[in-house]
Amino acid sequence: MSDHIDGPRQIGDPAVDITDLLAFTSPENPARTVLAVNVFPTCGVDAIFSNAINHSIVVRRAKVAGIGEATKFETADPEIRFSCRFEALERGAVDRKPVQRGIFTFPDGQTLRFLAGNEKGASTPDGAFRVYAGMRSDPFILAWLIPAGLKKFQNLLFNDNVLSIVVEFDTQRVLDPGKGSLFAVIAETIPIPRPGALVGHEPPRMDWVGRPENTNMRLNNPRLTGADDIRDLWNQQTPFAIDEKFRPLFLQRMKDSLAEWDMRDGKQDWTPSALAVNASMFVDDFLLMDVAKPMTDTSHLEIERSTINGKAYQTGGGRTVDSDVIDILMTWIVNRDREFLEGGTTKATKPGTKTFPYLASPNLDLQTVVETIDVGAAPDKVWELIGQFGSNWHPLIAEIRLTGTGLGQLRTIETVDGKQIIERLEAIDNAGRFYRYTNVSGLSVANYTGMLSVKPNGVGSSVEWRAQFLPNGQATIAVKTIVSTLFKVGLDSLKSRF
């Protein structure tokens, strides 16, 4: 649950799926503002930016148009748009990966061509703008089992990566805060028009994000029974201008959802009128930032919360890299800041940095899964059963077919639930009761190496099944659970055989 995978269309094409929008003051230079958008949740090691869409971050000047139960934030033209398009892959140098370039277009009309993945980024000649695009550690923290209510859990995004686009700019020159320092920010992914495409054939946009979690937690609250999934409809709306035809639908869904969230701790903290203005505020979905005030790890939503509470806001709102936005949001919608709610962890896999591009380097360390079991039989007896690369002893395997002989042979595994996994034998030592293999296909992994061994343990044996891999296209926690379950079920079955 999160803005990751926030609708059926995003599941079909994760390259267009916006996972996060960030807005904060540059840690390197307080006179500069940083905006960042992340896409492609749980992206694999070879993920690239889509060259079929336009990635944009849009800023509009905003003002407080009402407070308390009359809370309203209004935005005004003109828009201040940062747009980024990516090109097709270019052939890399010999033995090097292909490279991808992109073009940024800034609000003043300047353009800047850059190389994706370049840690130093690129800057315009006048120094007003600096950009970066590439893979980074996912900064999101989701340490709750949302459907279960208020059950704490580990970070469900642990060790995952995303593709990030970061732009830093001179605040005074670009935003002119003397005319008003409050701004509203959104990010969107829009299909690039194709020659010959039918008018109206493609959706107007693939995804957009203002405040975190408008889709998965509020518009698609899993505890609202019988509610249709309206996330694709929402994601096609025009930011800053929700279609009046659909506004009542979104507003009612928001009211129903926020009322349900209010009661998750068994206490009603929101009056119906206050809940209604909160719902209306979330339907007008944009991230608020005041560039004249401090934006900190705890300032997210402070502008909105203070205004609804009838007070002048004190911070710059925004959203920093290390902001624990889920805990801030949960506390607001569940108990209206009566008691701070803290999930199972308050830290992402890697903290943000103080130097450009501020999002931490990607997670590329091999993940390890190890399962062991002790049985009462002699090692040779156990190895006789499980030591052949093509032996079918695992209860979750319906069939194994071997292709080839000796080192390099392939085994094609058909699981009892119809999945196919292909693995290659890399080494075997029958005397030492050990073999090593790699995954060819069937698992969402890269650089996978598995090892199975049997060693003496008193009068019996100890069996170890170990694997190292990089998750590739599926959440780390999901891949580790799949591999661990496969190993444990197999090893546990040996107990009944010996």
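Conventions used here
- Residues numbered from 1 in each chain as written.
- Predicted model: local features only at pLDDT ≥ 70, side-chain atom pairs only at ≥ 80, totals over all residues.
- Heavy atoms only, no water.
- Axes fitted to C-alpha atoms, helices over the stretch in contact; angles between N-to-C directions.
- Helix = DSSP H or I, 4+ residues; strand = E, 2+ residues; numbered from the N terminus.
- Parallel < 35°, antiparallel > 145°, perpendicular 65-115°, else oblique.
- Contact = heavy atoms within 4.5 Å.
- Nonpolar A, V, L, I, M, F, W, Y, C, P; charged D, E, K, R; others polar.
- Pairing = 2+ DSSP bridges.
- Salt bridge = Lys/Arg side-chain N within 4 Å of Asp/Glu carboxyl O.
- Buried < 20%, exposed > 50% of the residue type's maximum accessible area, 1.4 Å probe, protein only.
- Phe/Tyr/Trp six-rings, centres within 6.5 Å; stacked < 30°, edge-to-face > 60°.
- Lys NZ or Arg CZ within 6 Å of the ring centre and 35° of its normal.

Concerning the packing of helix α5 (residues 247-262) against helix α8 (residues 325-335)
Between α5 and α8, the shortest axis-to-axis distance is 7 Å and the interhelical angle comes to 90°. The orientation of α5 with respect to α8, classified from their angle, is roughly perpendicular. Here α5 contributes L258, W261 and D262 to the contact with α8, which in turn contributes M330, I333 and V334. Taken together, the residues of the contact of α5 with α8 sort by class into five nonpolar, no polar and one charged.

Thoughts on the environment of V463
Among the secondary structure elements, V463 is positioned in strand β21 (residues 460-471). Sequence-wise, V463 and L452 are 11 residues apart; in three dimensions their C-alpha atoms are separated by 7.5 Å. Among all residues touching V463, those that are not within four sequence positions of it are E371, T372, I373, V382, I386, L452, S453, V454, L491 and L494.

Topic: the sheet that holds strand β11 (residues 161-170)
The strands that make up a sheet are held in pairs by hydrogen bonds between backbone atoms, and each pair lies either parallel or antiparallel. Pairing is antiparallel in the open sheet, where five strands are placed in the order β1-β2-β11-β8-β7. Each of the sheet's edge strands pairs with one partner strand only, and the pair in question is β1 (18-25) and β7 (122-123). Inspection of the sheet shows strand β8 (residues 129-137) paired to β11 by nine bridges, in the antiparallel sense. Bridging from a neighbouring strand, A133 pairs with I165 of β11.

Observations regarding the pattern of salt bridges
Taken as a whole and judged by the stated rule, the model has 33 salt bridges. D380 is the salt-bridge partner of R433, the closest N and O atoms lying 2.9 Å from each other. Of this pair, R433 sits in the loop between β18 (420-429) and β19 (434-441) while D380 sits in helix α9 (residues 379-386), placing them 53 residues apart in sequence. Residue classification places D380 among the exposed positions, given a relative accessible area of 53%. Beyond isolated ion pairs, a larger network of salt bridges with shared partners links R60, D77, E79, R81, E188 and R205.

Concerning the sheet that holds β18
Strand order in the open sheet made by the seven strands is β15-β21-β20-β19-β18-β17-β16, with antiparallel pairing throughout. With one partner strand each, in any of the chains shown, β15 (367-375) and β16 (397-403) form the two edges of the open sheet. Within this sheet the neighbouring strands show an average axis-to-axis angle of 20°, counted without direction. The sheet contact formed by β16 and strand β17 (residues 410-415) spans six bridges and is antiparallel. Across the sheet, R401 pairs through a bridge with T412, a residue of β17. Packed onto the sheet, α9 meets β15, β18, β19, β20 (445-457) and β21 and runs at close to 145° relative to β20. Contacts from helix α10 (residues 476-495) reach β15, β19, β20 and β21, with the element oriented near 15° to β15.

Focus: the side chain of N161
Among the secondary structure elements, N161 is positioned in strand β11. According to the relative accessible area criterion, N161 is buried, its value standing at 6%. In contact with N161, not counting residues within four places along its chain, are F40, P41, T42, C43, M135, R136, S137, D138, P362, N363 and L364.

What about the packing of aromatic side chains?
This model, assessed by the stated rule, comprises 22 aromatic pairs. Relative to Y435, the ring of W383 lies with its centre 6.1 Å away and its plane at 55°, an arrangement referred to as tilted. A residue pair is termed long-range when its members are at least 10 positions apart, and W383 in helix α9 and Y435 in strand β19 qualify at 52 residues. One aromatic cluster in this structure is built from F49, F82, F86, F104, F106, F114, F129 and F169. Between the NZ or CZ atom of R264 and the centre of the ring of W261, over which it lies, the distance is 3.7 Å. Positioned above the aromatic ring of W270, the side-chain terminus of R336 is 4.5 Å from the ring centre.

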